[in-house]
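# Structural description and commentary
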Amino acid sequence: MGHVHDKVPFRALDIAVLTVSDTRSLETDSSGDTLQLRLQEAGHRLADRALVPDDIYQLRARVSHWIADPGVQVVLVTGGTGFTARDNTPEALAPLFDKAIEGYGELFRAISYQEIGTSTMQSRAIAGVANRTVIFCMPGSPRACATAWDRCIVEQLDARHRPCNFVEMVLPKAETACGSRS
């Protein structure tokens, strides 16, 4: 199991939150609210927040903008990971990844199985890295967002977490826990 290295300082990251939905507005976006609250409670900064419809090209455009922005280190995307005709988040974003983080989807579904059983098969949660920006895509329910953040993402965005985390990838000059496994 991972652990916290108390000699490595916490490094706040700038995180953008994107909700993919044809039916919500920013005022009714409880999933985006869940992610914003959790990232701020963890000590990170909200860099931006947006909502786009389930449209491959609008989704790609918004995330590409953040990937190119040096002021955004992490993008959290909620929604569009299911199997309906309008669920296009994986198709939209996977081509943008320089590297896929296969373990995220695997871990999310393993944890989610404990909560919702075999229905977790219908989650196409994915993650990847593009231009030193880590992108996590998760289902659109507030509960799924809480599961993804609390059980998969939060430790990986903490420089103190050992044996490894993604902070070194997004802040290359940061002192992180990945240099040593002690």
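Residues numbered from 1 in each chain as written. Predicted model: local features only at pLDDT ≥ 70, side-chain atom pairs only at ≥ 80, totals over all residues. Heavy atoms only, no water.

## Digging into the sheet that holds strand 5 (residues 99-100)
As a general point, the strands of a sheet are linked pairwise by backbone hydrogen bonds and lie either parallel or antiparallel. Reading across from one edge, 3-2-4-7-6-5 is the order of the six strands in this open sheet, with mixed pairing throughout. Edge positions in the sheet fall to strand 3 (45-52) and strand 5, since each has one partner strand and no second. Note: strand 2 (residues 14-20) against strand 3, seven bridges, orientation parallel. Its bridge partner lying in strand 3, Val 20 is registered against Val 52. Across the sheet, helix 1 (residues 30-41) touches strand 2, strand 3, strand 4 (74-78) and strand 7 (133-138), and the angle it forms with strand 3 is around 170 degrees. Taken strand by strand, helix 4 (residues 102-116) contacts strand 5, strand 6 (126-130) and strand 7, and its axis lies near 30 degrees from that of strand 7. (Pairing = 2+ DSSP bridges. Helix = DSSP H or I, 4+ residues; strand = E, 2+ residues; numbered from the N terminus. Contact = heavy atoms within 4.5 Å. Axes fitted to C-alpha atoms, helices over the stretch in contact; angles between N-to-C directions.)

## Things to note about the packing of helix 4 against helix 5 (residues 142-153)
As a packed pair, helix 4 and helix 5 sit with axes 10 Å apart at the nearest point and diverge in direction by 120 degrees. Classified by the angle their axes make, helix 4 and helix 5 are oblique. Considering how the two elements wind past one another, helix 4 and helix 5 form a crossing that is right-handed. Of the residues in helix 5, those touching helix 4 at Tyr 104, Leu 107, Phe 108, Ile 111, Gln 114 and Glu 115 are Arg 143, Ala 144, Thr 147, Ala 148, Arg 151, Cys 152 and Ile 153. The class makeup of the residues in the contact of helix 4 with helix 5 is eight nonpolar, two polar and three charged. (Parallel < 35°, antiparallel > 145°, perpendicular 65-115°, else oblique. Left-handed = near helix turned anticlockwise from the far one by under 90°. Nonpolar A, V, L, I, M, F, W, Y, C, P; charged D, E, K, R; others polar.)

## Things to note about the packing of aromatic side chains
For the structure on display, the rule yields three aromatic pairs. When the ring of Tyr 104 is compared with that of Phe 108, the centres are 6.4 Å apart and the planes differ by 35 degrees; the resulting orientation is tilted. Here Tyr 104 pairs with Phe 108, and both are found in helix 4, just four residues apart, close to one helical turn. Between the aromatic rings of Phe 136 and Phe 166, the centroid separation amounts to 6.2 Å while the plane-to-plane angle is 70 degrees, which identifies the pairing as edge-to-face. Placement of Phe 136 in strand 7 and of Phe 166 in the loop between strand 8 (161-162) and helix 6 (167-170) is noted, with a sequence separation of 30 residues between them. There is no split in this pair, since Phe 136 and Phe 166 are both buried. (Phe/Tyr/Trp six-rings, centres within 6.5 Å; stacked < 30°, edge-to-face > 60°. Buried < 20%, exposed > 50% of the residue type's maximum accessible area, 1.4 Å probe, protein only.)

## What about the pairing of strand 6?
Within a regular beta strand, the side chains point alternately toward one face of the sheet and then the other, so they alternate between its two faces. Across the five residues of strand 6, five count as buried, placing the element largely inside the fold. Residues Ile 126, Gly 128 and Ala 130 point to one face of strand 6 and Ala 127 and Val 129 to the other, with burial holding for every one of them. In this sheet, strand 6 lies alongside strand 5 in antiparallel orientation, the contact comprising two bridges. Residue pairing across strands places Ala 100 opposite Gly 128, the latter belonging to strand 6. Two successive antiparallel strands, strand 6 and strand 7, enclose a turn made up of two residues, where Asn 131 displays a positive phi of approximately 55 degrees.

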